[in-house]
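Structural overview for review
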Amino acid sequence: MEQYIIKGGNPLVGEVEIGGAKNAALAILAAAIMSDETVMIDNLPDVNDINVLLDAIAGIGAMVHRVDRHTVKINGKGVTSVDIEYDYIKKIRASYYLLGALLGKYKRAEVALPGGCNIGSRPIDQHLKGFRALGADVEIEHGKIIAEAAKLVGKHIYFDVVSVGATINVMMAAAMAEGLTILENVAKEPHVVDVANFLNSMGANIRGAGTDVIRIRGVQKLHRTEYSVIPDQIEAGTFMFAAAATQGDVTVMNVIPKHLEATTAKLLEIGCEVEEFDDAVRVVSKGGLKCTHVKTLPYPGFPTDMQPQIGVTLALCEGTSIITESIFENRFKYLDELARMGANVKIEGNSATIEGVEKFSGARVSAPDLRAGAALCIAGLAAEGITIVDDIVYIQRGYERFEEKLRSLGAVIEKVSTEKEIRKFMLKVS
Ligand code: EPZ
């Protein structure tokens, strides 16, 4: 099992290129099969989740041609099956975006029901509510969702919960329904807007993405397009908090500063200097950071995917911070690992009280999920001594060349998988 081994203490300094947004790319790849013409998508992050979804898309018969690590051509004309096997869903929940894409185009889809994951139960009732409202029969049989419709007809749909996945999935199905669909109480994340823009570049008629109401006029066909995925605001924020936690000076390149406003606001609140450029943001921390409070909310609020990263940073800020996780019910597991590095934390339900400490001491920790894994690496970078992070397969699902990018900023970090490699690292750094 691969691990990261880190020698903490170096401030991160320099510039780092941010890749394409994983959570936009996953939905865009699924939507790409809705055309019978060739679609080219670039600025894809080269991460495991993307590669698994491309396998699933090829698995149902679509043409998938990897032009390079960050560019793919897809043609949905060859799709012969609307049945997405469980092992794809087990590997990556976002395969469920194929539900909306296949239902929209073929009026039928069979996708294994995604399970929960490490951060919560993550039901998909709102996705199914939307499909049913558009006129689909949706049954769950033997762990599979079977959705089909003689035709899909536009409807006025009000989501009970603000859900990124449900907003995107139902938007995709509605893009090829008949008539006008109005979606209310929708998610407004940048990646929702990116998927809407992608669909519109294929000839869809979607207005209002990024606002509280999305209006979709269904079309018969979607055509070829070339599209570039937006930068990943969560990868960018991860490096921004790494700069804060290590008293560094990091500029994240190829970003959209507006997408980072909630992160920037919190960094300023705790005492970092933040400078915004057209497509870059610079974060400088000279230490002496102060506590603050944060509540995760749907966009434009503070993103839940940045909660572990700010949690690690606040654990090194003077004073008492409080984090309220309002999106997922089980997203504080990393704090137990952080306590083993010397953090002073107390979890009560969906809030965590964090008393800042002077420093962390390196330890062997385990990554409970993607963002928590990245956050524990930040803790290791700031800690005194050696930290080993297990289960980094989670981190590799969503961060491209994570250790290489950190090393380019001065981090002492390597990917290892044997005791011999660990001993070699220890000799090298001692
Ligand atoms: C997306 O998950 C992201 N994943 C998550 O990022 C992110 O944390 C989340 O949005 C929130 O921003 C992808 O885009 C692939 P939701 P999603 O539906 O769509 C409840 C990462 O680290 N809910 O917005 O599954 C749900 O339980 C991942 O990249 C329902 O109740 O999230 C949660 O409490 C982790 N019924 C809340 O809504 C539903 O039908 C928000 O979930 C759907 C969701």
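Residues numbered from 1 in each chain as written. Predicted model: local features only at pLDDT ≥ 70, side-chain atom pairs only at ≥ 80, totals over all residues. Heavy atoms only, no water.

A look at the environment of Asp 125
As for its position among the elements, Asp 125 is in helix 5 (residues 125–133). For Asp 125, a relative accessible area of 41% translates into the label partly exposed. For the pair Asp 125 and Phe 159, spaced 34 residues apart in the sequence, the C-alpha separation amounts to 9.9 Å. (Helix = DSSP H or I, 4+ residues; strand = E, 2+ residues; numbered from the N terminus. Buried < 20%, exposed > 50% of the residue type's maximum accessible area, 1.4 Å probe, protein only.)

Looking at helix 8 (residues 233–245)
Along its 13 residues, helix 8 runs 18 Å from first to last C-alpha, staying within 8% of the 18 Å computed at 1.5 Å per residue. Taken across its 13 residues, helix 8 has 13 buried, putting it largely inside the fold. One side-chain oxygen of the residue at the start of helix 8 lies 2.8 Å from the amide nitrogen of Ile 234, identifying that residue as Asp 232. Directly after helix 8, the chain includes Gln 247, whose backbone phi takes a positive value near 55 degrees. (Expected span 1.5 Å × (residues − 1). Polar contact = N/O pair within 3.5 Å; in protein donor to acceptor, adjacent residues only side chain to side chain.)

Quick notes on the UniProt feature "active site" (unreviewed entry) in the protein
Per the UniProt record, the feature "active site" (unreviewed entry) sits at Cys 117. Here Cys 117 lies in the loop between strand 7 (108–112) and helix 5. When its relative accessible area of 32% is taken as the criterion, Cys 117 is described as partly exposed. (UniProt positions renumbered as here; feature names shortened; annotations may be inferred.)

A look at the packing of aromatic side chains
Using the criterion set out here, one finds six aromatic pairs in the structure. Relative to Phe 402, the ring of Tyr 399 lies with its centre 4.9 Å away and its plane at 45 degrees, an arrangement referred to as tilted. Side by side, Tyr 399 and Phe 402 carry an identical accessibility label, which is buried. Linked through ring pairs, Tyr 4, Phe 239, Tyr 399 and Phe 402 together constitute an aromatic cluster. (Phe/Tyr/Trp six-rings, centres within 6.5 Å; stacked < 30°, edge-to-face > 60°.)

A short note on the state of the cysteines
According to the stated counting rule, one finds zero disulfides in the structure shown. Here Cys 291 stays unpaired: no disulfide links it, and the sulfur of Cys 317, its closest cysteine neighbor, is 7.6 Å away. (Disulfide = S-S within 2.5 Å.)

Structural notes on the domain arrangement of the protein
In terms of domain boundaries, the protein breaks down into domain 1 (3–19 + 231–429) and domain 2 (22–228). Computed over C-alpha atoms, the centres of domain 1 and domain 2 are 31 Å apart. Looking only at domain 1, the three residues that lose the most surface to domain 2 are Tyr 299, Arg 397 and Glu 400, adding up to 34% of its buried area. On inspection of domain 1 and its partner domain 2, the count reaches two salt bridges. One salt bridge in this structure joins Glu 400 and Arg 69, with 2.9 Å as the shortest N-O distance. Seen at the junction of domain 1 and domain 2, the total is nine residue pairs in polar contact (both at pLDDT 80 or more). For the side of domain 1 that touches domain 2, the secondary-structure elements that each account for two or more residues are helix 12 (370–382) and helix 13 (393–398). In terms of residue count, helix 13 provides more of the side of domain 1 that touches domain 2 than any other element does, five residues in total. Class assignment for the residues of the side of domain 1 that touches domain 2 results in nine nonpolar, seven polar and 10 charged. (Domains from an automatic or database assignment. Buried area = accessible area lost by both parts, 1.4 Å probe. Salt bridge = Lys/Arg side-chain N within 4 Å of Asp/Glu carboxyl O. Nonpolar A, V, L, I, M, F, W, Y, C, P; charged D, E, K, R; others polar.)

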